[in-house]
Amino acid sequence: MQKASVLLFLAWVCFVFYAGIALFTSGFLLTRLELTNYSSCQEPPGPGSLPWGSQGKPGACWMASRFSRVVLVLIDALRFDFAQPQHSHVPGEPPVSLPFLGKLSSLHRILETQPHHARLYRSQVDPPTTTMQRLKALTTGSLPTFIDAGSNFASHAIVEDNLIKQLTSAGRRVVFMGDDTWKDLFPGAFSKAFFFPSFNVRDLDTVDNGILEHLYPTMDSGEWDVLIAHFLGVDHCGHKHGPHHPEMAKKLSQMDQVIQGLVERLENDTLLVVAGDHGMTTNGDHGGDSELEVSAALFLYSPTALFPSTPPEEPEVIPQVSLVPTLALLLGLPIPFGNIGEVMAELFSGGEDSQPHSSALAQASALHLNAQQVSRFLHTYSAATRDLQAKELHQLQNLFSKASADYQWLLQSPNGAEATLPTVIAELQQFLRGARAMCIESWARFSLSFLLLHLLAAGIPITTPGPFIVPWRAVSAWALMATQTFYSTGHQPVFPAIHWHAAFVGFPEGHGSCTWLPALLVGANTFASHLLFAVGCPLLLLWPFLCESQGLRKRQQPPGNEAEARVRPEEEEEPLMEMRLRDAPHHFYAALLQLGLKYLFILGIQILACALAASILRRHLMVWKVFAPKFIFEAVGFIVSSVGLLLGIALVMRVDGAVSSWFRQLFLAQQR
């Protein structure tokens, strides 16, 4: 066999596995089509009259704006319990003393002294809980894909309709300061921006201090309509020290002072939003779907009254994407086209002096606009792709049609509105929540194509004649050693266990704006065992020779040739160890092919087992915490191993060619 034939055949087998991984990924992990449609004031989300004015009228795009300005303070990794007061859970017991409790005292003081002006929510985050995916959700109202977690290193511009796009299209001045991830997501979208490098998790203060240098002067200048400040100190403190370290108390106290300073500068037409993009584990990591990771804080405040009632004893739990349609309508903007969030209806009730009937009608109007927008998105999306399940989609459209008809009847018959309003609101909320649940479920549907391709790859014959046969037990042990080394070096197939500190090996001061180098360092640290054992796999060809005894060995003679063997004793010696490779060079490349196929087969069995586990348990509560990450790690490990195997075989072929050339020169020299 020729060198090129061996490498090309192994590359083709790898491609079959890659295709299977890609098909399974597209069918199982959260995947969806990103539509490029945009909402606009000139195109209402559905038929019927718009509330409070007609389209195109200033301040009445879909719905009249309630606020002229918004200050969005995004505190990275602000877990919900970080915003909770420090109190005792058991009467008579002293308060639980934890560094992160009770440090945001300004929030609680505002909630107690101005209950109609502020509200604290528990924001429920969709996994994966990585910053880039959360920024997508907070601006588009959509569901970022699970597989996007890898692109947290290198963010790309958002092509879907989003709040930033709507703000700039409406001529609003958007000023940003903080995490430079926003620069890649929204290139050229800000009227003024102060970006700071975000990846150096050991640096707790550079980004936050840079924001504070510009935050209050920008607010006082008045040259803005939307001000976004993305602080990273809390997140970096979690990665470096964990939430129970005294440094966490220091960073949260600093954030508390920031909030106090902003509240003092707010005007009546301004809304303050303080939000966490995700939480963190007890070790300070994030990326998965544990309760601590998906639970973030959301705080709203305005100098004018926002709510007709006082806050409940326990903060309300809302999906994180609900903030997108809420902010859009409060600012008088169209809701982004692909939003699947539900408006926070209470914010459209008016102040504490509003009448119950008018408050309920305002809530119904906001929910109806939101439902029209979601219905339009589902119709457009289902026409472009068949991801959504037809039966559930039909049921939801029937529910929306009924709710919309009841809402229109309510507007035309005000006499019976009081009795009908609660029913209409409940129907609209049921539709919005059902639509979001259907999207999540449909975008996690399993495809059997992967299994078919793996069966095809597993059926490739791997028996090759020749004297160089590496036993299955050796190949299996080699593959298991690679897995054992992965775990013994402190790695686990879950995102929170990734050794992020590896990105700074040799670069204690960080990488500046470079993202590919830290990603490469983290990847090399994580999959080093896969790469090293794959590159070294061709060395297993020495296994049969290493199992032989040292010294000379008698050649096996056919029966009846004993006399001839005694006559020619010089032929009784057989070369041992590596020199036997020179006895049958025509079988050497075939042996490499056989060994490569065996190793790929064992790796393929491992990833097939992960795919089966993930597909069988795809409705399990732990699917996104255990089974999906395990499959992703196994898939990436397979790709790294297969590339390393091809490199190792190519290297062995190169060495064999050099040795063969040396032998030929040696024989020619002896013949002379």
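Residues numbered from 1 in each chain as written. Predicted model: local features only at pLDDT ≥ 70, side-chain atom pairs only at ≥ 80, totals over all residues. Heavy atoms only, no water.

By the naming in an unreviewed UniProt entry, the protein chain is GPI ethanolamine phosphate transferase 3, catalytic subunit, taken from Rhinopithecus bieti. The UniProt entry for the protein chain carries this comment under Sequence similarities (unreviewed entry): "Belongs to the PIGG/PIGN/PIGO family. PIGO subfamily." (UniProt positions renumbered as here; feature names shortened; annotations may be inferred.)

Novice: Can you lay out the overall build of the protein chain for me, pointing to particular residues and giving the numbers?
Specialist: Within the protein chain one finds 21 helices and ten strands. For the protein chain, the residues scored as buried account for 53% of the 672 residues in total. Contacts in the protein chain between residues far apart in sequence, at least 24 positions, make up 77% of those at least 6 positions apart. For the protein chain, the accessible surface area stands at approximately 29,600 Å², while carbon and sulfur atoms represent 59% of it. (Helix = DSSP H or I, 4+ residues; strand = E, 2+ residues; numbered from the N terminus. Buried < 20%, exposed > 50% of the residue type's maximum accessible area, 1.4 Å probe, protein only. Contact = heavy atoms within 4.5 Å. Areas by Shrake-Rupley, 256 points an atom, 1.4 Å probe, with all protein chains shown as cover.)

Novice: Any chance you could break down the packing of helix 7 (residues 233-240) against helix 8 (residues 246-265) for me, citing the residues and the numbers?
Specialist: One way to put it is that helix 7 packs onto helix 8 with a least axis distance of 9 Å and a crossing angle of 175°. Here helix 7 lies roughly antiparallel to helix 8, going by the angle between them. Facing helix 7, whose interface residues are Gly233, Val234, Cys237 and Gly238, helix 8 presents Glu247, Met248, Lys251, Leu252 and Met255. By residue class, the composition of the contact of helix 7 with helix 8 is five nonpolar, two polar and two charged. (Axes fitted to C-alpha atoms, helices over the stretch in contact; angles between N-to-C directions. Parallel < 35°, antiparallel > 145°, perpendicular 65-115°, else oblique. Nonpolar A, V, L, I, M, F, W, Y, C, P; charged D, E, K, R; others polar.)

Novice: So, the state of the cysteines: which residues are in play, and what are the values?
Specialist: Tallying each qualifying case throughout the model produces one disulfide. For cysteine 41, the disulfide goes to cysteine 61, at an S-S distance of 1.8 Å. Around the S-S axis, the bridge from cysteine 41 to cysteine 61 shows a dihedral of about -110° and counts as left-handed. Of this pair, cysteine 41 sits in the loop between helix 1 (3-28) and strand 1 (60-61) while cysteine 61 is found in strand 1, placing the two residues 20 residues apart along the sequence. On the basis of relative accessible area, cysteine 61 is assigned to the buried category, the value being 5%. (Disulfide = S-S within 2.5 Å.)

Novice: Can you tell me about empty space enclosed by the protein, naming the residues and giving the values?
Specialist: Scanning all chains against the criterion turns up six cavities of 30 Å³ or more. Lining of the largest cavity is provided by 18 residues; of these, Thr483, His530, Gln606, Phe633 and Glu634 occupy positions nearest its centre. Where the lining of the largest cavity is concerned, the elements lending two or more residues are helix 15 (472-488), helix 20 (588-616) and helix 21 (623-671). By residue number, the principal contributor to the lining of the largest cavity is helix 21, which donates six residues. (1 Å grid on protein atoms, 1.4 Å probe; cavity = no way out; pocket = protein on both sides within 12 Å on 5 of 7 lines; lining within 4 Å. Points joined across faces, edges and corners; volume = space filled by probe spheres on them.)

Novice: Summarise the packing of aromatic side chains; cite the residues concerned and give the values.
Specialist: Going through the model one piece at a time under the given rule, you end up with 18 aromatic pairs. A ring pair is formed by tyrosine 18 and phenylalanine 638, whose centres lie 6.2 Å apart and whose planes are at 85°; its orientation type is edge-to-face. Of this pair, tyrosine 18 sits in helix 1 while phenylalanine 638 is found in helix 21, placing the two residues 620 residues apart along the sequence. Summarising the aromatic geometry, the rings of phenylalanine 486 and tyrosine 487 are spaced 5.3 Å apart at their centres and angled 90° between planes, so their arrangement reads as edge-to-face. (Phe/Tyr/Trp six-rings, centres within 6.5 Å; stacked < 30°, edge-to-face > 60°.)

Novice: Run through the pattern of salt bridges, naming residues and quoting values.
Specialist: Any two side chains of opposite charge can pair, so long as their charged atoms come close to each other. Counted according to the given criterion, the structure contains eleven salt bridges. A salt bridge links arginine 433 to glutamate 342; the shortest N-O distance between them is 2.9 Å. Of the two residues, arginine 433 is situated in helix 13 (residues 417-442) and glutamate 342 in the loop between helix 10 (323-330) and helix 11 (356-384); the sequence distance between them amounts to 91 residues. On the basis of relative accessible area, glutamate 342 is assigned to the buried category, the value being 13%. Close ionic contact of glutamate 427 with lysine 402 constitutes a salt bridge, the shortest N to O distance being 2.6 Å. In this pair, glutamate 427 is assigned in helix 13 and lysine 402 in helix 12 (residues 390-412), connecting sequence segments 25 residues apart. On the accessibility criterion, lysine 402 (44% relative accessible area) is partly exposed. Taken together, the shared-partner salt bridges in this structure form one network comprising Asp205, Asp208 and Lys251. (Salt bridge = Lys/Arg side-chain N within 4 Å of Asp/Glu carboxyl O.)

Novice: Help me get a handle on helix 8, residues and values and all.
Specialist: Since the α-helix turns once every 3.6 residues, residues separated by three or four places project in the same direction. Its 20 residues give helix 8 an end-to-end C-alpha distance of 30 Å, which sits within 8% of 28 Å, the value for a rise of 1.5 Å per residue. For helix 8, the full list of buried residues reads Met248, Ala249, Lys251, Leu252, Gln254, Met255, Asp256, Val258, Ile259, Gly261, Leu262 and Val263. (Expected span 1.5 Å × (residues − 1).)

Novice: Report on the UniProt feature "transmembrane region" (unreviewed entry) in the protein chain, specifying residues and quantitative values.
Specialist: Mapped onto this numbering, the UniProt entry gives "transmembrane region" (unreviewed entry) at residues 6-30, 527-546, 588-616 and 636-655. Between the first and last C-alpha atoms of residues 588-616 the distance is 42 Å; the span itself is 100% helix and 0% strand. Taken end to end, residues 636-655 is 100% helix and 0% strand, and its first and last C-alpha atoms sit 29 Å apart.

Novice: Please provide a residue-by-residue account of the nonpolar core, values included.
Specialist: Among the nonpolar cores identified, the biggest contains 76 residues, and Trp182, Val273, Leu298, Leu378 and Phe431 are the most heavily contacted of them. The dominant element in this core, judged by the number of residues it contributes, is helix 11, at ten residues. When residues no more than four places from it in sequence are discounted, the contact partners of tryptophan 182 are Leu74, Leu135, Thr139, Ile164, Phe176, Phe190, Phe195, Ile228 and His230. Membership of the second largest hydrophobic core comes to 49 residues, among which are Ile21, Tyr599, Phe631 and Ile649. (Core = buried A, V, L, I, M, F, W, Y, C linked by side-chain atoms within 4.5 Å.)

Novice: Give a detailed account of the sheet that holds strand 4 (residues 118-124), specifying residues and quantitative values.
Specialist: Strand order across the open sheet formed by eight strands is 6-5-7-3-8-9-4-10, with mixed pairing between neighbours. At either end of the open sheet lies a strand with only one pairing partner, and these are strand 6 (192-196) and strand 10 (317-319). Neighbour-to-neighbour, the strand axes of this sheet turn through a mean angle of 20°, independent of strand direction. Note that strand 4 and strand 10 share three bridges and pair parallel. Each residue of the ladder has a partner; that of arginine 122, found in strand 10, is valine 317. (Pairing = 2+ DSSP bridges.)

Novice: How would you explain the environment of leucine 212 if you had to name every residue and give the values?
Specialist: In this structure, leucine 212 sits in helix 6 (residues 206-221). On a C-alpha basis, the gap between leucine 212 and phenylalanine 231 in space is 9.5 Å, while along the polypeptide they are 19 residues apart. For leucine 212, the contacting residues outside a window of four places in its chain are Phe231, Gln254 and Val258.

Novice: Let's hear about the packing of helix 11 against helix 12: which residues, and what values?
Specialist: With their axes 10 Å apart at the nearest point, helix 11 and helix 12 run at an angle of 145° to one another. The way helix 11 lies across helix 12 gives a crossing that is left-handed. Within the contact between the two elements, helix 11 uses Leu361, Ala364, Ser365, His368, Ala371, Gln372, Ser375, Leu378, His379 and Ser382 and helix 12 uses Leu393, Gln397, Phe400, Ser404, Tyr407, Gln408, Leu410 and Leu411. For the contact of helix 11 with helix 12, the class distribution of residues is nine nonpolar, nine polar and no charged. (Left-handed = near helix turned anticlockwise from the far one by under 90°.)

Novice: Outline helix 7, supporting the account with residue identities and numerical values.
Specialist: Buried residues dominate helix 7, accounting for six of its eight residues. Of the residues making up helix 7, those classed as buried are Gly233, Val234, Asp235, His236, Cys237 and Gly238. Contacts from the buried residues of helix 7 go to strand 3 (69-75), helix 6, strand 7 (226-231) and helix 8. Backbone geometry just downstream of helix 7 places glycine 242 in the positive-phi region, at approximately 95°.

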